[in-house]
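# Residue-level structural notes
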Amino acid sequence: MRFRVAVAAVSGLLLSLVAAPAFADHTPLPSQVTLVGSLQSELGCPGDWQPECAQTALLPVAGSPGLFRASFTVPAGTFEYKVALGGTWDENYGAGGAPGGANIPLTAPGGVLTFTYDHETHRIVDDAPRALGAESAAHWVRRGLIAWQPPANAVRFALYTAPSGGMSVTGGAVVGGSAHPLGVRAAGLPRPVVSDFPHLAGYRALTVPSAVPVASVLTGQLAVAAFDAAGSLVEATGVQIPGVLDDVYGGAARRTLGVTWSRGGVPSFALWAPTAQSVSLQVDGVSGLVPMRRDGDGVWTAAGSRSWRGASYLYSVRVFAPTTGRVETNLVTDPYSVALTADSTRSVLASLSDPALMPSGWDRLRKPAAVPSTASQVYELQVRDFSIGDTSVPAAHRGTYAAFTDRSSAGMRHLRALASAGVSHLHLLPVFDFATVPERRADQAVPACDLASLPPASEAQQACVEPVRPTDGFNWGYDPWHYTTPEGSYAIDPAGAARTREFRSMVAGINGAGLRVVMDVVYNHTTASGQAPKSVLDRTVPGYYHRLTLTGLQETSTCCANTATEHRMMEKLMVDSVVTWARDYKVDGFRFDLMGHHSKANMLAVRHALDKLTPARDGVDGRDVLLYGEGWNFGEVANDARFVQATQANMAGTGIATFSDRLRDAVRGGGPFDANPHLQGFGSGLFTDPNGDPVNGTPAEQRDRLLLQQDQIKVGLAGNLRSYRFPSRTGAVVSGAEVDYNGQPAGYAASPADTVTYVDAHDNETLFDNLQYKLPQSLPMPDRVRMNTLSLATTTFSQGVGFWHAGTDLLRSKSLDRNSFDSGDWFNRVDWSMSSSTWGSGLPPRGDNEAKWPYMRPLLSDPALKPAPADIAAASARSSELLRIAGSSPLFALPSAAEVQRRVAFPIGGPDQTPGVIAMTLDDTAGKDLDRRWERLVVVFNASPTATTQTVPGTAGRSYALHPVQATGGDPVVKAAHYNGGGTFTVPARTVAVFVS
């Protein structure tokens, strides 16, 4: 996915960028304690955020060591503050007493306010009247249990409730609510609770009396207050409620939600909204609101009329919203929508079993045969990219689902050729309803410039694209709005259920081309939360569907509003949505964006639900559905902080594959976030073809790094298995887990089915652009084409799921754009006719690329670096040959770690191996006969600029010939590869050669 990093600026100071030092629990008493913040200039300081200003110093409180206090006349207004010690930023504390923590918001009514800092807890507080709920640091985890971390001097606790909201802390007391005394569980949180909420381990356990009417109080505002031994209020906070909602209303996970239809065509509605005070329906054409009935599991239901089919509707949900502190009446679309009006403003009543929504032959659709995941070769494509610039597609179809039904177009001919060569799945970037593109073509802005006429290294192209980016027709779509409705901007008719028929026609067209369909899904975040207009889930059940910080703020580590699929009903929504796409749209696979932000249990629940789909009952065999995703480990869930994540290592043995960055980085060189893009790798000339940039180090350092990369690639070729053993660069026999990758094990998989191997994807620069950065600028284009092919060979010939980015076989360029998620059609275009290269389309958009413009300019302006049609045709032909070779032997698609260990070997290791050369053998002489054609294959990857002759142990005594695909193919260079006898093979420069016996 595209990744944005947001940093909040605070009154001109980026406090979140100040690295907080590690503090002991109790540092020595400070010599100076300063109230710092955006109010300092109002209190006599020269400016704001000045820890040295004595005008806002807090003074020691007599008789209370460690307590500091001062009163100031603060004008009415909104401010932020924290506390700094010693007159510098070296030691500072924010919300909750966190070192270097978040700024504390203050709404001052005007008048004298007192600020108190407790050095024991590092907390600073004020006595301004404030609404409760802006911070929600208490967690109601079970019907009778609340977890909280109150101040150390708190001895008595109470739960406060207010049906209509409006609670505040005024004059040292909670006002506007009813109090319910809470007990304390001396033993702390029970073990099952800690298991479900590991991030709350160590919190105090407050018990809720059975007399508290849980169901009714959950529909209003909640707060928990703590008092000291003298009865004084020491802290009050709002309450997070997902745990208790799952405990009390989790039975709703067995319900069917959304709209269902009787045999007579009558719709029934079901919406889970357990905290709502009332829910009703607003149906187009029906006067007044239709009341809904609340069931005991928090599901609201209503029956409709046959005449409503095709009508639009909204739910009217009256619910307390913590983000506003009051009861709101929200008109929201259905979280389970299967159809929407244009631009997704209203849900539409549609039945996915309606024959009118099925293209001809849909119920008899013949799919390409399923293949084992380890034999899968995936091609990743965006719907709009596919056809928006293809003049062989009818104009009305360009950029839409319908383009996949135009069999004679250049794009469809290319897809059929890829399928014939061995691609098994077409992976579509998000095709669910997303938020950032106007759905009517007439509303989509277009650049006003003649982009093709502008110079190849100009700033003008991106400057022309920039103003229309928010309203043009392009976006990758990683901003979910409605998970289970097709995106309308890809439909010729975006209104109502017409897009369902168009989507299904697309699936049929892709299947007819010989490819199964993978859908990119993004259940880890939504486009909005809270009361934002495009927030659906949070305006239905506020505070439940999204993951919050310990103090109740929205987590956004994924770029947007993180969802909380660890909560039962959010997991249900994800599972139900996936099953709908598989059953009702016949989608054959799913790629999970930022899968590491889901739990392993989430993913196994998806797998289990799919496996229950049968051809007889559901029209599909769910066991054939391919699952894979991004198992990255970061953010608030990192290192299993909240649950066992669906990360690379944790998913080992599940058969749900994760992308491996190990082989990717070793082949490409460097990593996605390098400041200097000239760092080379195995596939881009490290040591063997140096580009001259000092960033690569000395020759000796380059050689050492290259040999490590060769070990990493060998592990990747063997399925990235943690247990796979081979002779390493040191000469010692090591396992995949013992090979280093940036301080982590290179090998993490338990089975080749656990790994997706790739060298480029929609994220980051394309493979060709990466090579343009890293190869010596003087290298001729034919050699660049060869390095593109060699790099692709590492993923095509690897064990596990193979993965290519669309156009990588055509030297696709995005003019060096590293993050083209919103760069428009110009920087994302693909020419399936192979008549022109997209290289040199101008400097890419400033926002994500300006820092690298100095590196880009000399490359983009060099005419020798622009591929000619013959270069593109050669790259395409060589890529097709790789696929045909991989599909020619089951030895390239072994089913288990044991089989990989038995049959895959890298006999040449040690410090004296040839840099830039990897030899791999595939053996069918041991164990069950898998390949009826050949007994042995030898693959030699020669990334160096000179021919290589390698004596491969264990191969002597047999005769070998160049693979028939290469021997009869169009590459004259590889035809010079030959077997010399005695186990010795000669392979030309920048060539991968496959020998068979």
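None of these values were measured; they are calculated from a predicted model.

### Concerning the state of the cysteines
Under the counting rule described, the total for this entry stands at 3 disulfides. Linked covalently through their sulfurs, C45 and C53 form a disulfide whose S-S length is 2.0 Å. Looking down the S-S bond of the C45 and C53 bridge, the torsion is -95°, so its handedness is left-handed. Of the two residues, C45 and C53, neither departs from the other in class, the shared state being buried. Here C559 is linked by a disulfide to C560, with a sulfur-sulfur distance of 2.4 Å. In this structure, the disulfide formed by C559 and C560 twists by about -80° around the S-S bond and is classed as left-handed. Note on C559: relative accessible area 17%, which makes it buried.

### Describing the packing of helix α9 (residues 568-584) against helix α10 (residues 600-611)
As a packed pair, α9 and α10 sit with axes 10 Å apart at the nearest point and diverge in direction by 35°. As α9 runs across α10, the sense of the crossing is right-handed. On the side of α9, the interface is formed by E571, M574, V575, V578, V579 and A582, while α10 contributes A601, N602, A605, V606, A609 and L610. Split into classes, the residues belonging to the contact of α9 with α10 amount to 10 nonpolar, 1 polar and 1 charged.

### Regarding the packing of helix α12 (residues 661-668) against helix α13 (residues 699-717)
The interhelical angle for the contact between α12 and α13, taken along N-to-C directions, is 140°, at an axis separation of 8 Å. Compared by their axis directions, α12 and α13 come out oblique. Classified by chirality, the crossing of α13 by α12 is left-handed. Here L663, A666 and V667 of α12 come into contact with α13, specifically with Q709, Q712, I713, G716 and L717. Classifying every residue of the contact of α12 with α13 gives 5 nonpolar, 3 polar and no charged.

### Considering the pattern of salt bridges
Where charged atoms of side chains with opposite charge meet at close range, the side chains can pair. This model, assessed by the stated rule, comprises 42 salt bridges. Here D385 and R812 are joined by a salt bridge, their closest N and O atoms 3.0 Å apart. Taken together, the residues D385 in helix α4 (residues 383-387) and R812 in the loop between β43 (801-805) and α16 (824-828) connect sequence positions 427 residues apart. Residues D385 and R812 agree in their burial class; the two are buried. Between R729 and D711 there is a salt bridge, and its shortest N-O distance comes to 3.2 Å. Placement of R729 in the loop between β38 (725-727) and β39 (733-735) and of D711 in helix α13 is noted, with a sequence separation of 18 residues between them.

### Topic: the pairing of strand β12 (residues 156-162)
Here β12 lies mainly inside the structure; 6 of its 7 residues are buried. By the bridge criterion, 7 bridges tie β12 to strand β17 (residues 221-227) in an arrangement that is antiparallel. Note on β17: the bridge partner recorded for R156 is F227.

The rules we used
Residues numbered from 1 in each chain as written. Predicted model: local features only at pLDDT ≥ 70, side-chain atom pairs only at ≥ 80, totals over all residues. Heavy atoms only, no water. Disulfide = S-S within 2.5 Å. Buried < 20%, exposed > 50% of the residue type's maximum accessible area, 1.4 Å probe, protein only. Axes fitted to C-alpha atoms, helices over the stretch in contact; angles between N-to-C directions. Helix = DSSP H or I, 4+ residues; strand = E, 2+ residues; numbered from the N terminus. Left-handed = near helix turned anticlockwise from the far one by under 90°. Contact = heavy atoms within 4.5 Å. Nonpolar A, V, L, I, M, F, W, Y, C, P; charged D, E, K, R; others polar. Parallel < 35°, antiparallel > 145°, perpendicular 65-115°, else oblique. Salt bridge = Lys/Arg side-chain N within 4 Å of Asp/Glu carboxyl O. Pairing = 2+ DSSP bridges.

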